[in-house]
Amino acid sequence: MLTRTRINCISFFGLLVLATLLFSPALTTAADTDSYQMPPKAIADLADSPRMPVVSLSPNNEWMLLLKYPPLISLEEVAQPELRIGGLRINPCTNGPSRQRYYYELSLTRISDGANEAVTGLPSGSEITSPRWSPDGRKVAFVNRASEGLELWVVDVSSGEAQRLDLPPLNAAYGSPHRWLSDSKRLLVQTVPTDRGAAPAEPVVPTSPIIQENLGRKAPTRTYQDLLENEHDAALFEHYLTSQMVRVTLDGGSHSIGAAGIIRRVSPSPDGKYILLETIHRPFSYTVPAWRFPVKIEVWDLDGNVVYEVADIPLADEIPIAFGSVRTGRREVGWRADADATLCWAEALDGGDAGVEADERDQLLLLPAPFDGNPIPLITLKLRYSNIDWGNDNLAIVSERWWRTRKICGWQVKPGSPETEPKLLMDRSWEDRYNDPGSPLHTRTKQGRTVLLTADNGGTIFLSGAGASPEGDRPFLDEFDLTTLESRRLFRSEAPYYEDPVRLLDADKRLLLTRRESVTEPPNYFVRDIKKGTLRPVTEFPHPTPQLIDVQKELIRYQREDSVDMTATLYLPPGYKVEDGPLPMLMWAYPQEFKSADAAGQVTDSPYRFVRLGWYSPLLWLAHGYAVLDDPTMPIVGEGDEEPNDSFVEQLVSSAQAAVDEVVSRGVADPERLAIGGHSYGAFMAANLLAHSDLFRLGIARSGAYNRTLTPFGFQAEERTLWESPEIYFAMSPFMHAEKIDEPILLIHGEADNNSGTYPLQSKRFYAALKGHGATARLVMLPHESHGYRARESVLHMLYESADWLDRYVKNAEPREILKTVTEAGTPN
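A brief look at the structure comes next. The model shown is predicted, which means the values in this text are computed figures rather than measured ones. (Residues numbered from 1 in each chain as written. Predicted model: local features only at pLDDT ≥ 70, side-chain atom pairs only at ≥ 80, totals over all residues. Heavy atoms only, no water.)

## Here we look at the overall build of the chain
Broken down by element type, the chain carries 12 helices and 47 strands. Relative to the compact-globule value of 28 Å for 829 residues, the chain shows a C-alpha radius of gyration of 29 Å, a close match. Considering only C-alpha atoms, the chain reaches an extent of 95 × 75 × 60 Å along its principal axes. Per-residue burial for the chain yields a buried fraction of 56% across its 829 residues. Considering only contacts within the chain whose residues lie at least 6 apart along the sequence, 60% involve residues at least 24 apart. Of the roughly 35500 Å² that the chain leaves accessible, carbon and sulfur atoms contribute 49%. Of the charged side chains in the chain, 84 are positive and 113 negative, and the gap between their average positions amounts to 3 Å. (Helix = DSSP H or I, 4+ residues; strand = E, 2+ residues; numbered from the N terminus. Rg over C-alpha atoms; globule rule 2.2 N^0.38 Å. Buried < 20%, exposed > 50% of the residue type's maximum accessible area, 1.4 Å probe, protein only. Contact = heavy atoms within 4.5 Å. Areas by Shrake-Rupley, 256 points an atom, 1.4 Å probe, with all protein chains shown as cover. Lys, Arg positive; Asp, Glu negative; His and termini not counted. Charge placed at Lys NZ, Arg CZ, Asp CG, Glu CD.)

## Some words on the packing of aromatic side chains
According to the stated counting rule, one finds 21 aromatic pairs in the structure shown. With a centroid separation of 5.2 Å and 20° between ring planes, the pair formed by Phe 284 and Phe 293 is classed as stacked. Comparing Phe 284 with Phe 293, the two get one shared label, buried. Ring geometry for Trp 805 against Tyr 809: centres 4.9 Å apart, planes inclined by 65°, an arrangement best described as edge-to-face. Separated by 4 residues within a single helix, Trp 805 and Tyr 809 lie in helix α11 (residues 792-811), roughly one turn from each other. Take Tyr 809: its relative accessible area is 13%, and that puts it in the buried class. An aromatic cluster is defined as three or more aromatic residues linked by ring pairs; in this entry it consists of Tyr 274, Tyr 308, Trp 335 and Phe 371. Its guanidinium or amino end placed over the ring of Phe 476, Arg 489 lies 4.3 Å from that ring's centre, counting from NZ or CZ. Here the guanidinium or amino end of Arg 516 rests over the ring plane of Phe 526, the centre of that ring lying 5.7 Å away. (Phe/Tyr/Trp six-rings, centres within 6.5 Å; stacked < 30°, edge-to-face > 60°. Lys NZ or Arg CZ within 6 Å of the ring centre and 35° of its normal.)

## A word on the pairing of strand β33 (residues 487-492)
Bridge analysis of strand β32 (residues 476-481) against β33 gives 5 bridges, and the strand direction is antiparallel. Each bridged residue has a counterpart across the sheet, and for Glu 479 the counterpart in β33 is Arg 488. Linkage of β32 to β33, two consecutive antiparallel strands, is achieved through a turn of 5 residues, within which Leu 485 is found at a positive phi near 60°. (Pairing = 2+ DSSP bridges.)

## Comments concerning empty space enclosed by the protein
Which parts of space are left empty comes out when a probe the size of a water molecule is rolled across the atoms. Overall, the coordinates contain 3 cavities of 30 Å³ or more when judged by the stated rule. Computed from the structure, the largest cavity encloses a volume of approximately 60 Å³. Among the elements that make up the lining of the largest cavity, the one with the highest residue count is α11 (3 residues). A class-by-class count of the residues in the lining of the largest cavity yields 10 nonpolar, 2 polar and 1 charged. (1 Å grid on protein atoms, 1.4 Å probe; cavity = no way out; pocket = protein on both sides within 12 Å on 5 of 7 lines; lining within 4 Å. Points joined across faces, edges and corners; volume = space filled by probe spheres on them. Nonpolar A, V, L, I, M, F, W, Y, C, P; charged D, E, K, R; others polar.)

## Observations concerning unusual backbone geometry
The step from Arg 282 to Pro 283 runs through a cis peptide bond, and the omega angle for that step is 5°. Note on placement: Pro 283 falls in the loop between β16 (274-280) and β17 (295-301). Look at the link from Ala 495 to Pro 496: it is a cis peptide, with omega at 5°. Note on placement: Pro 496 falls in the loop between β33 and β34 (498-506). Positive phi outside glycine occurs at Ser 130, with the angle close to 50°. Considering the arrangement of structural elements, one finds Ser 130 in strand β8 (residues 128-133). Owing to a relative accessible area of 18%, Ser 130 belongs among the buried residues under this scheme. Even without being a glycine, Leu 485 presents a positive backbone phi close to 60°.

## Observations concerning the environment of Ser 56
Looking at where Ser 56 falls in the secondary structure, it is placed in strand β1 (residues 54-57). Counting along the chain gives 77 residues from Ser 56 to Trp 133, while the straight-line C-alpha distance between them is 8.7 Å. Looking at Ser 56, its side chain comes within polar contact range of the side chain of Trp 133, at 2.9 Å. (Polar contact = N/O pair within 3.5 Å; in protein donor to acceptor, adjacent residues only side chain to side chain.)

## As for a negative patch on the surface
A cluster of like negative charges, contributed by Asp 565, Asp 598, Glu 639, Asp 641, Glu 642 and Glu 643, occupies part of the molecular surface. Positionally, Glu 642 belongs in the loop between β43 (635-637) and α7 (648-665). Glu 642 gets classed as partly exposed once you look at its relative accessible area, which sits at 36%. (Patch = residues over 30% accessible without salt bridge, like charges linked within 9 Å, V, L, I, M, F, W, Y side chains within 5 Å. Salt bridge = Lys/Arg side-chain N within 4 Å of Asp/Glu carboxyl O.)

## Concerning the sheet that holds strand β19 (residues 330-335)
An order of β19-β20-β21-β22 is seen for the 4 strands of this open sheet, with the pairing classed as antiparallel. Of all the strands in the sheet, the pair left with one neighbour each is β19 and β22 (376-381). The sheet shows a mean angle of 20° between the axes of neighbouring strands, taken without regard to direction. Bridge count between β19 and strand β20 (residues 342-348): 4 bridges; the pairing is antiparallel. Each bridged residue has a counterpart across the sheet, and for Arg 330 the counterpart in β20 is Glu 347. (Axes fitted to C-alpha atoms, helices over the stretch in contact; angles between N-to-C directions.)

## Things to note about the nonpolar core
Formed by 61 residues in total, the largest nonpolar core has its most connected members in Met 585, Met 587, Leu 629, Phe 696, Phe 766 and Leu 770. By size, the runner-up hydrophobic cluster in this structure holds 37 residues, among which are Ala 47, Ile 748, Val 780 and Tyr 809. (Core = buried A, V, L, I, M, F, W, Y, C linked by side-chain atoms within 4.5 Å.)

What follows is the structure in structure tokens.
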């Protein structure tokens, strides 16, 4: 490394050569590698480390199903054939979703004693998806992805053996293809029609132009991807999404139900006598995805006869873009979970337009079988309907919310006597985490439906939440008296652990299943006897990354210059001491909008959570000599009539400055060796910070959007359109300020990104703008990858690129004064 003294002794020609090497235009040429590369071994080992298994609890609270999945999969798997139609991504070889995470190993753990046994009989090379417990908790049905298509398998819990049911290939192109009936002996399954022919061939010569027409309607839409583009796409959509519903018994018997159709949703009634069915039909659209296509909602009997037509909802291409706008007519149609067969749905009273003034927004209605009476009003809401938790005839909790005010309310209603005046249970801002009372706990009925868990003859419910506080999150369990509206604390997580309530196994005995972890202990499950104060382990998952067991973690607090409180989690490598001197640091963040400065300043994490790693985690760089500041809060606040984005850039830079000042003052970070990075909106943030500040030596921007004019009808939390607020769109777009970016920036993007607004063109155009202004930039496009990356080859190459540029422009960077001297010397007057 050159020192300042040595620089002063170099001839002018030497300075010119050095400047040429440092700022060579070769950095903007085509890729200088012709194959996928590997990052440093320590980083690769962490990326390949095993993941904690997914845990699914049985409805009867007796068993845990443990599902293991690979940390990364091969590029060959990611590169499988894929159709991108109607906003969906389908593997035409399997007639299921592409890019779906799968499990390769199943085991069962008995909660009473922790005994664990592997599920046997699984097919070789299992690719398991969509596991579903039977209502009685004695069986688990799952889908296995085979080369011939999707298969239905069932695990018998008592024996631990899995068996395949003899059925035609399943159709999972639009959601899970199987549902249990309430008797736990039969399932409703969607299959590929046995008489389906070959897929429609794309015409060599088009038969007509592609035409879209709008005759004076206002029909703004957000930015969607993978839409239908022509009639051939529409034909493929019909071909692959058309399913035949089949009633299946566990001995392999089957009976087709009704005609085949494009099934969007299947929901058996709790008593198992009816089927709530949603089917998509034409006319399709080239401007909105499938979930906004016309849909017919019907109630069938188990033989496929139409018992009741709930609604035939037209194409929803005119939903206003104001947040909280919805379809008109009957929507959110479902079954009352605590009744045999009662429909419930919402209807907008404001035309579905959240942008208009209205005293009343929504109404919920009920209609019991045999569905031949008039719908019964349950509650009228002043805000937009959010969800309902069913309990019994005297108890259901209806939630409503409103985006602009961040307000959320909860009401107790009595479904058995809907004329009873609703009772307000909760009225608060969802931004205010410190005063969040928690969410209700649930249990399963014998029919397998989720209902509120109650005690004291229905007079008490149980609430669980994150327990946000100035000292960090401390999860809790409360009992809540529905008469007095008072809570009594039953449990709260205590340092040095983070212990999260999972399920109240026995409300009377107060036996609570929790997931408990610490900074050095991975999450494991325990049964806590609240009355006796005892704790019994159920699982013993090992530490997946023991090489980082001594990582130093601290939840730090500091203030922005406008007195908004800020937090971040500081990670330092094992064995590091401040006396060793400041380290190069990577900051990884994601901005968030708020309507309250007080809420923006609330602590959002816990100092006691386990140090988790994934391919996406900035903590990987702890193994490469970097300090990491993870999730430094970047609040964008707009109180009252002011919108958060009115001062986006100013608040963003101020937040970053506060974070930099804090870590530098602690002596752990070198101000001359700081990098900023982020994914998606975090990438957008990183690019903006390079454009509008000189705080960082490098930006890493993954899968971002940089030109907001390409998302003209709103983005992220911004409701205003480009034409309403062009100055906001311009000010917030780093693309518009590419000439200001004079620090290196590494752009990484999946070539198949389908996230709204972050299509690959964003990174390509941004790179072109940077290159045109002489910036130091590198663009890495990952073939076949979407918004998140899945192939091992892609992930490890992404880490290689990041390591290369972090080391080159951060860890081994010369102080800015030296580089300035070199640059000036290389450009004589």
